[in-house]
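# Observations on the model geometry
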Amino acid sequence: MSLLNDLFYICFLIEKVSRHLHQRNSYVVNKLGYDPLYHLISVANVLHSENSNQVVYDVIEEYGLKQGNFHIEDVNRELCTHIPTELDMGKVYTRLIVDTLYPDEDYIEGILRIYNDEICITLDDNNGAYYEPSYVIARAYKNGEF
């Protein structure tokens, strides 16, 4: 399995844990931090064959993540008629990380940078930004707004 696939799995896992806990992605990423994210990406080729619900439970328990009150389903139905899946959002974040990766940055640093940017709030609020092509999302990130 390639490193790009491992990044995709970690982005999927962040989304799945966030939704399970009703937290924003930035909470999960920041509570984990660099070293645990590095560990998770290094074992992603094994974790992807495990039951994803069990992996989510294990991550929550191991890192002491707490419940929140953010609900991905609370959307403006005029702007978003379909809630993207964890896999869908994992792809969006993977592309955004890869498309904006700095030359001296590794994937974990890219995860921390992207998930702590304001663009995540826009993407997470399901206001239609998810449906934009990846180059538009990357340009919005670089410009600081959609």
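Look a little higher up for the structure.
What comes next concerns the included structure.

Rules of the game
- Residues numbered from 1 in each chain as written.
- Predicted model: local features only at pLDDT ≥ 70, side-chain atom pairs only at ≥ 80, totals over all residues.
- Heavy atoms only, no water.
- Disulfide = S-S within 2.5 Å.
- Core = buried A, V, L, I, M, F, W, Y, C linked by side-chain atoms within 4.5 Å.
- Buried < 20%, exposed > 50% of the residue type's maximum accessible area, 1.4 Å probe, protein only.
- Helix = DSSP H or I, 4+ residues; strand = E, 2+ residues; numbered from the N terminus.
- Contact = heavy atoms within 4.5 Å.
- Salt bridge = Lys/Arg side-chain N within 4 Å of Asp/Glu carboxyl O.

### Concerning the state of the cysteines
Here, the word disulfide means a covalent bond between the sulfur atoms of two cysteines. Applying the stated criterion across every chain, the model contains 0 disulfides. Here cysteine 11 is not disulfide-linked; the sulfur of cysteine 120 is the nearest cysteine sulfur, at 9.6 Å.

### With respect to the nonpolar core
Counting residues in each nonpolar core, the largest one holds 42 residues, and the members touching the most others are Ile10, Val17, Ile111, Tyr115 and Leu123. If you tally residues by element for this core, the top one is helix α1 (residues 3–21), at 9 residues. For tyrosine 115, the residues in contact, after removing those within four places along its chain, are Cys11, Ile14, Asn25, Ser26, Val29, Tyr93, Ile97 and Cys120.

### Description of helix α9 (residues 134–143)
Each α-helix winds once per 3.6 residues, and so residues spaced three or four apart point in a common direction. Listed in full, the buried residues belonging to α9 are Val136, Ile137, Ala138, Ala140 and Tyr141. Buried positions along α9 lie against α6 (86–100), α7 (107–115) and α8 (119–124). Trailing α9 by a residue or two, glycine 144 shows a phi angle of about 85°, which is positive.

### Quick word on the pattern of salt bridges
Evaluated as defined, the whole model comprises 2 salt bridges. Ionic pairing is found between arginine 19 and glutamate 15, a salt bridge with its closest N-O pair at 2.9 Å. On the criterion of helical spacing, the pair formed by arginine 19 and glutamate 15 is a turn pair, its members being 4 residues apart in helix α1. Note on accessibility: arginine 19 and glutamate 15 belong to one class, buried. In this structure, glutamate 105 engages arginine 113 in a salt bridge whose closest nitrogen and oxygen atoms are separated by 2.8 Å. Considered together, glutamate 105 and arginine 113 belong to a single accessibility category, that of buried residues.

This is a description of form; function is not addressed.
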